[in-house]
Amino acid sequence: MGDVIGIGDRQVSISHPDKVVFQAVDGRGPVTKIDLVDYYLAVADGALRGVADRPMILKRFVKGITEEAIFQKRAPEKRPDWIGVAELRYARGTSAKEAVVREPAGLVWAVNLGCVDLNPHPVRSGDLDHPDELRIDLDPMPGVGWPQILDVAQVAREVLEDHGLTAWPKTSGSRGFHIYARIAPRWPFKQVRLAAETVAREVERRAPELATSHWWKEDRQGVFVDFNQNAKDRTVASAYSVRATPDARVSMPLTWDEVPGCRPELFTIATVPARFAERGDPWEPMDDAVGSLDPLLRLAEELGPADKPPKGGKPLIEIARTKTRDEALAALDVWRARHPEAAAALEPTDILVDGMRGPSSIWYRIRINLEHVPQPQRPAQEELIADYSPWEGYSGHQRP
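In what follows, the accompanying structure is described. (Residues numbered from 1 in each chain as written. Predicted model: local features only at pLDDT ≥ 70, side-chain atom pairs only at ≥ 80, totals over all residues. Heavy atoms only, no water.)

**Overview of the packing of aromatic side chains**
Here's step 1: Counted by the stated rule, this structure contains six aromatic pairs.
Here's step 2: Relative to F227, the ring of W215 has its centre 5.9 Å away and its plane inclined at 35 degrees; by these criteria the two rings are tilted. With W215 in the loop between β13 (211-212) and β14 (223-226) and F227 in the loop between β14 and α6 (272-279), this pair connects stretches of sequence that are 12 residues apart.
Here's step 3: Since its relative accessible area comes to 28%, W215 is described here as partly exposed.
Here's step 4: For F227, a relative accessible area of 2% corresponds to the buried category.
Here's step 5: An aromatic cluster of three or more residues is present, and its members are W215, F224 and F227.
Here's step 6: Sitting above the plane of the Y90 ring, K73 keeps its charged end 4.6 Å from the centroid.
Here's step 7: Looking at R220, its charged tip hangs above the ring of F224, at a distance of 3.5 Å from the centre. (Phe/Tyr/Trp six-rings, centres within 6.5 Å; stacked < 30°, edge-to-face > 60°. Helix = DSSP H or I, 4+ residues; strand = E, 2+ residues; numbered from the N terminus. Buried < 20%, exposed > 50% of the residue type's maximum accessible area, 1.4 Å probe, protein only. Lys NZ or Arg CZ within 6 Å of the ring centre and 35° of its normal.)

Below, the structure is given as structure tokens:
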């Protein structure tokens, strides 16, 4: 069963248009695939500003949002001729011809494949080696409240603007916050990542009680200013992307005047179209604010190489490797029941839930930092409660 809808002069097939994607949003009942299509068409001008002409990983929720997504780098062989491709090449010798959309019909095509959010690279199809976006991802550690994230966002804005860049804020639609800066496509990924790392270090220097740039997860406190999203193989959910949360939150572009009082739960698939129709896209002027990385790269030279202490400074144990996050948390409950005294001594940041990249999807690792557990009560490393490997049976180039 399916529909064919006309979008301009394009005809796009929608299979199973009544398939439920979200069970209930804002009291309006289930949200179906065709509802998701209607959403992206309602905000198409803004959504395309984030993805048009950019190679895009297809993050496909083929079994619904309650199951882990499949990350498909290569564009399907069978695709409309108005869906382009761009071939990204990586240092390890692999390459992938990724999908490139340029018009509203392309957004609908992606949704029909099971995409809920859109995940473009920070490059245009005509120059795949020089990003035109610098992206800062504010990732809160456990126990960090939303106001602290917004405080760090303001510091990051100041750092960017002090170094000649215009900062563009948006909610991530998940737990964190994103800040973009449009840059001239003159610097390779390595330099863009260095500039982002320099932003992170300067944010931490200005607000050490709020933010961290520490590389090792077990060393972080507060809000992690994640600069590694600027590495060549990374993508970030774009502006106006609907996220796979129960309330269908949207990664919402904002003005800086809105940031201090914003609440991420207010921006959903149900509320954003009306806001967009009334106010338009606050990121519309972004392409008129192209900046240079030279000031940040000069600061990087002044600061010198970042300190990256050797791994192993914390008393870590690993307890599980699982296919899903729910399975990882279930393994954590098993470990807590086995070691109640140690579990009672843990701080929120001592529980490290790591989303790890497999060949086509995310898998999860649970580790425990025992530094707050008295030495006599520290459990030894035991056999893993669960030991999932996404590499079993896989022989491709990505295998570690």
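More follows now that the structure is in view.
**Considering the sheet that holds strand β18 (residues 386-387)**
Here's step 1: Taken in spatial order, the four strands line up as β16-β17-β15-β18 in an open sheet, and their pairing is mixed. With partners counted over all chains shown, the strands left at the sheet margins are β16 (351-357) and β18, one partner each.
Here's step 2: Where strand β15 (residues 316-322) and strand β17 (residues 362-369) come together, six bridges link them in antiparallel fashion. Residue pairing in the sheet places T322 in a bridge with Y364 of β17.
Here's step 3: Across the sheet, helix α8 (residues 325-338) is in contact with β15, β16 and β17; its angle to β15 comes to roughly 135 degrees. (Pairing = 2+ DSSP bridges. Contact = heavy atoms within 4.5 Å. Axes fitted to C-alpha atoms, helices over the stretch in contact; angles between N-to-C directions.)

**Quick notes on the environment of V4**
Here's step 1: Looking at where V4 falls in the secondary structure, it is placed in strand β1 (residues 2-7).
Here's step 2: Relative accessible area serves as the criterion here: at 54%, V4 is assigned to the exposed category.
Here's step 3: Considering only alpha carbons, one finds V4 and I14, 10 residues apart in sequence, at a separation of 5.9 Å.
Here's step 4: Here V4 is in contact with Q11, V12 and S13, once residues within four sequence places are set aside.

**Some thoughts on a negative patch on the surface**
Here's step 1: A surface patch of negative charge is lined by D3, D18, D35 and D38.
Here's step 2: Positionally, D3 belongs in strand β1. (Patch = residues over 30% accessible without salt bridge, like charges linked within 9 Å, V, L, I, M, F, W, Y side chains within 5 Å. Areas by Shrake-Rupley, 256 points an atom, 1.4 Å probe, with all protein chains shown as cover. Salt bridge = Lys/Arg side-chain N within 4 Å of Asp/Glu carboxyl O. Lys, Arg positive; Asp, Glu negative; His and termini not counted. Charge placed at Lys NZ, Arg CZ, Asp CG, Glu CD.)

Function cannot be read off these values alone, since they describe shape.
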